[in-house]
Amino acid sequence: KFKASFATKTIDLNLDGQYEVLVELYMWGFCGSRGCPTYLLNGVGEEWYVDRWIIMNEFPSRDISISDNMTNGYFDIKIFDGKKTCRFNNYRYQC
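Let me sum up the structure you'll find in this document. Computed from a predicted structure; not experimentally measured. (Residues numbered from 1 in each chain as written. Predicted model: local features only at pLDDT ≥ 70, side-chain atom pairs only at ≥ 80, totals over all residues. Heavy atoms only, no water.)

**Thoughts on the sheet that holds strand S2 (residues 20-27)**
By way of backbone hydrogen bonds, the strands of a sheet pair with one another, either parallel or antiparallel. Overall, antiparallel pairing links the four strands, which are arranged S1-S2-S3-S4 in an open sheet. Only two strands of the sheet have a single partner each, and these edge strands are strand S1 (4-11) and strand S4 (47-50). Neighbour-to-neighbour, the strand axes of the sheet open up by a mean angle of 30°, direction not taken into account. Sheet topology places strand S3 (residues 38-44) next to S4; four bridges connect them, and they run antiparallel. Of the residues in S4, the one forming a bridge with Asn 42 is Tyr 49. (Pairing = 2+ DSSP bridges. Helix = DSSP H or I, 4+ residues; strand = E, 2+ residues; numbered from the N terminus. Axes fitted to C-alpha atoms, helices over the stretch in contact; angles between N-to-C directions.)

**Remarks on the sheet that holds strand S6 (residues 74-79)**
The four strands are arranged S5-S6-S7-S8 in an open sheet whose pairing can be described as antiparallel. Sheet topology places strand S5 (65-71) and strand S8 (93-94) at the edges, where each strand pairs with a single neighbour.

**Here we look at the nonpolar core**
One finds Ile 11, Leu 13, Leu 22, Leu 40, Ile 64, Tyr 74, Ile 77, Ile 79, Cys 86, Phe 88 and Tyr 93 forming the largest nonpolar core, which totals eleven residues. Of all the secondary structure elements, the ones that give two or more residues to this core are S6 and strand S7 (84-88). In this structure, Ile 11 is in contact with Tyr 19, Glu 20, Leu 22, Ile 64 and Ile 66, ignoring residues within four places of it in sequence. (Core = buried A, V, L, I, M, F, W, Y, C linked by side-chain atoms within 4.5 Å. Buried < 20%, exposed > 50% of the residue type's maximum accessible area, 1.4 Å probe, protein only. Contact = heavy atoms within 4.5 Å.)

Next comes the structure, spelled out in structure tokens:
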């Protein structure tokens, strides 16, 4: 038996009118010194899926702020109280 919890943040990162959801997994053995695994989910109709080409690992969703700047059609994301910027590289967010 194991316990897991999640933190989520809902944002429209690419101005397509569909919200994306950042989901951070808190589970023993999955989190390290850089944080916990975080995934970006996209909604299609009433269903959600992990967008595997935009998976972000060890990304602290509870400290996210969105920049006014965009890279490759997606808003830049600031983490760690704005001290670090993550930009979309046409595959995933690079921090």
